[in-house]
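As a plain string of letters, each chain reads:
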Amino acid sequence: MQKSGKITSLLAALAVSALFLTGCQASLPLQLPETLALPEELTLPEAPYFKKGVYACYPVEAGSKPRTFFYIFNEDNYGHTEDGEYEGMGIPFEVSQEEGKVSFSYGGEGEVEDVFRVMSVKDGTIRGYFTESPYVLLVYEPVKDADPDTFSAENYVRGPEDCIYRDPNGWSCRYDSTRFQISQDGPNVFIVYTGESAGTNMITVTYDPEKTGEKAVRELGESWSEDTEYIEGPFPGAEYATGYWAVPPFVEGGSGLYMSALGRDYMDGSLVFEFTEHKGNDEEMNMEVSDYLAGIIDSLTWNVYSFDTIIQSLPEDSYYAFADMDPDRDALLVAKEDTVFDYGGGVTASTEADVYGYDWKDCILGYGRVEGGGTATPLAAKDGELYFGGHKSMNKVHIDEASSEMIVDEGAYFDEYEDAEVVAFTKAGES
């Protein structure tokens, strides 16, 4: 059941787009409220009304509810929208401003156009309505001290202690902006710890299209010490991929500088996270800094849009299969060598596996792990449900893309299990 399955994500995208293209308007009342009636003599300042800056946009009826949708004017005549509740999604716009009205052209080629009638301007806050929806009074409220060149609607909504950095190369991490500053310079990203510490503490992330993850990490390790230890294991946030660690010995009595690195193969090259730490005499402070740096790595997520990306990254001792456990499209199951066995009839089965599937944005997530009993009850699937269990219980589970959750129904579904098809696994590296 390998379906294209973009129904859920398409509906969600259309709903969000409707919000963007109508200037974040609410449902329309049947008649014009008195508050929208234009006075006989309307006095407005001269255009332009919108200046370079960030404006929270909301209907008057929203009152004091949190502001989540923003118009970001990079200059007086152009900018883009961002929705803080949808990962900062938005569209570009251009504007022309003249007496009493602002003409908006949305999309890269002006696919949608609408005119905003200005009713009042006070202390920079603009009120008015779009001619396509004249029954909805909108407010554009300036966001104080917001820099349009660096503003993130997503992080504004989330708050300073739970920010997200999204890299153009398709990875992201969560961070506390009261303790970290993040900047990008070409192929390098610098995640600098700004809290109290014994010296510089930072993570430098480098994408190198010319080297594998193992080679890039080993070169760093060799530059630090001939006694550097090299370790392999699942990469954080992308456990299907091999991670490579370089861990040199710490030199007691020195400057306190300590370097280490973690890397992986990525996009035909490598992505390496290089740690620069300074350890002082305050062990508690050292531990706190290390915990914050480790938290960055533990929060890593990856933009993956094809199962092939995961399959091609699997270690040689892995097995994979496609399972009918999603109403829209198959899920990908990944199992280790010690959990698979010959089920007969040319089928390699498994009793447990890691589950990967799509979400409403068409992005692939790791949904967790399913673990069954012995070889008598291997993983099996039917009608959008995966069955796992043993002699005492048989559970079924499916992926809900809309909520990005794996829904487990615990019970004794033995009769349904008997009619399900055992999931057949393939060894990584084999077609």
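Residues numbered from 1 in each chain as written. Predicted model: local features only at pLDDT ≥ 70, side-chain atom pairs only at ≥ 80, totals over all residues. Heavy atoms only, no water.

Trainee: It is not clear to me how the overall build of the chain should be interpreted in this structure. Could you clarify?
Mentor: Of the regular secondary structure elements, the chain holds six helices and 30 strands. Burial status across the chain gives 45% buried among its 431 residues. Considering only contacts in the chain between residues 6 or more positions apart, those separated by 24 or more positions represent 50%. Accessible surface computed for the chain: about 22400 Å², of which carbon and sulfur atoms make up 47%. (Helix = DSSP H or I, 4+ residues; strand = E, 2+ residues; numbered from the N terminus. Buried < 20%, exposed > 50% of the residue type's maximum accessible area, 1.4 Å probe, protein only. Contact = heavy atoms within 4.5 Å. Areas by Shrake-Rupley, 256 points an atom, 1.4 Å probe, with all protein chains shown as cover.)

Trainee: Quick question: what am I supposed to make of helix H4 (residues 283-298) here?
Mentor: The α-helix winds at 3.6 residues per turn, so residues separated by three or four positions along the chain end up facing the same way. End to end, H4 covers 22 Å across 16 residues, agreeing with the expected 22 Å (1.5 Å per residue, within 8%). Regarding H4, the residues found buried are Met-285, Asn-286, Val-289, Leu-293, Ile-296 and Ile-297. An end-on view of H4 places all buried positions within 130° of arc, on one side of the element. Every exposed residue of H4 that faces more than 90 degrees away from the buried side is listed here: Glu-283, Glu-284, Met-287 and Asp-298. Contacts from the buried residues of H4 go to strand E10 (171-175), strand E11 (180-185), strand E12 (188-193), strand E13 (202-208), strand E16 (257-266) and strand E17 (269-278). (Expected span 1.5 Å × (residues − 1). Arc of directions from axis to C-beta.)

Trainee: Where do I start with the pattern of salt bridges in this structure?
Mentor: This model, assessed by the stated rule, comprises 18 salt bridges. For Lys-361, the salt bridge identified is with Asp-359, shortest N-O distance 3.0 Å. With a relative accessible area of 2%, Asp-359 lands in the buried category. Connected via shared salt-bridge partners are Glu-87, Glu-154, Arg-166, Asp-359 and Lys-361. (Salt bridge = Lys/Arg side-chain N within 4 Å of Asp/Glu carboxyl O.)

Trainee: What should I look at first to understand the nonpolar core in this one?
Mentor: The nonpolar side chains of soluble globular proteins are, as a tendency, buried together. By size, the foremost hydrophobic cluster in this structure holds 39 residues, and its most contacted members are Trp-171, Ile-203, Phe-273 and Trp-302. Once you skip the residues sitting within four places of it in the chain, Ile-203 turns out to touch Val-189, Phe-190, Ile-191, Phe-273, Glu-274, Phe-275, Leu-293, Ile-296 and Ile-297. Counting residues in hydrophobic clusters, the runner-up holds 21 residues, among them Ala-323, Val-340, Leu-386 and Phe-425. (Core = buried A, V, L, I, M, F, W, Y, C linked by side-chain atoms within 4.5 Å.)

Trainee: Help me out: how do you make sense of the packing of aromatic side chains in this one?
Mentor: Any aromatic ring pair is given by two values, namely how distant the centres are and how the planes are angled relative to each other. Taken as a whole and assessed by the stated rule, the structure comprises 36 aromatic pairs. Taking 6.0 Å as the distance between ring centres and 80° as the angle between the ring planes, the aromatic pair formed by Phe-50 and Phe-104 counts as edge-to-face. Placement of Phe-50 in the loop between helix H1 (7-21) and strand E1 (53-59) and of Phe-104 in strand E5 (residues 101-106) is noted, with a sequence separation of 54 residues between them. Phe-104 carries the same exposure label as Phe-50, and that label is buried. What links up through ring pairs into an aromatic cluster is the set Phe-50, Tyr-55, Phe-69, Tyr-71, Phe-73, Phe-93, Phe-104, Tyr-106, Phe-116, Phe-130 and Tyr-140. In this structure, Arg-264 packs its charged tip against the face of Phe-235, placed 5.8 Å from the ring centre. (Phe/Tyr/Trp six-rings, centres within 6.5 Å; stacked < 30°, edge-to-face > 60°. Lys NZ or Arg CZ within 6 Å of the ring centre and 35° of its normal.)

Trainee: Can you help me understand a negative patch on the surface in this one?
Mentor: Among the surface-exposed residues, Glu-196, Glu-252, Asp-282, Glu-283 and Glu-284 lie close enough to one another that they form a single negatively charged patch. Along the chain, Glu-196 falls in the loop between E12 and E13. (Patch = residues over 30% accessible without salt bridge, like charges linked within 9 Å, V, L, I, M, F, W, Y side chains within 5 Å. Lys, Arg positive; Asp, Glu negative; His and termini not counted. Charge placed at Lys NZ, Arg CZ, Asp CG, Glu CD.)

Trainee: What exactly am I supposed to notice about the sheet that holds strand E27 (residues 394-400) here?
Mentor: What links the strands of a sheet is backbone hydrogen bonding, and the strands pair in either a parallel or an antiparallel sense. Here we have five strands laid out as an open sheet, ordered E28-E27-E26-E25-E29, and antiparallel in their pairing. Two strands in the sheet have a free side with no partner beyond their single neighbour: strand E28 (405-409) and strand E29 (421-422). Sheet analysis places strand E25 (residues 380-382) next to strand E26 (residues 385-389), joined by three bridges and oriented antiparallel. Counterpart to Lys-382 in the pairing with E26 is Glu-385. (Pairing = 2+ DSSP bridges.)

Trainee: Explanation requested: the sheet that holds strand E14 (residues 229-235) in the structure shown.
Mentor: Spatially, the seven strands line up as an open sheet ordered E11-E12-E13-E17-E16-E15-E14, and their pairing is antiparallel. This sheet does not close on itself; its edge strands, each paired only once, are E11 and E14. The average undirected angle you get between the axes of adjacent strands in this sheet is 20°. Of the strand pairs in this sheet, E12 and E13 are connected by five bridges, and their pairing is antiparallel. Directly across from Val-192, in E13, lies its bridge partner Met-202. Relative to E17, H4 is tilted by about 165°, and along the sheet it contacts E11, E12, E13, E16 and E17. (Axes fitted to C-alpha atoms, helices over the stretch in contact; angles between N-to-C directions.)

Trainee: How should the pairing of strand E24 (residues 364-371) be read in this particular structure?
Mentor: A regular strand places its side chains on the two faces of the sheet in alternate fashion. The pairing of strand E23 (residues 352-358) with E24 spans seven bridges and is antiparallel. Within E24, the position partnered with Tyr-356 by the bridge is Gly-366. Taking the residues between adjacent antiparallel strands as the criterion, E23 and E24 are bridged by five residues, where Asp-362 takes a positive phi near 65°.

Trainee: Is there a simple way to think about unusual backbone geometry in this case?
Mentor: Only a minority of non-glycine residues have a phi that is not negative, and only a minority of peptide bonds are not trans. Looking along the chain, the bond that leaves Ala-47 and enters Pro-48 is cis, with omega of 10°. Structurally, Pro-48 can be placed in the loop between H1 and E1. Backbone geometry at Met-267 places phi at a positive 50°, although glycine is not the residue there. The partly exposed category is assigned to Met-267, whose relative accessible area is 40%.

Trainee: Looking at this model, I keep getting lost on helix H3 (residues 213-224). Mind explaining?
Mentor: Taking 1.5 Å per residue as the helical rise, H3 with its 12 residues ought to reach 16 Å, and the 17 Å between its terminal C-alpha atoms agrees with that figure. Those residues of H3 that sit buried are Gly-213, Ala-216, Val-217, Leu-220 and Gly-221. Buried residues along H3 cover an arc of 130° about the axis, so they all sit on one side. For H3, the exposed residues set more than 90 degrees away from the buried face come down to Glu-222 and Ser-223. Of the surrounding elements, those touching the buried residues of H3 are E14, strand E15 (238-247), E16 and E17.

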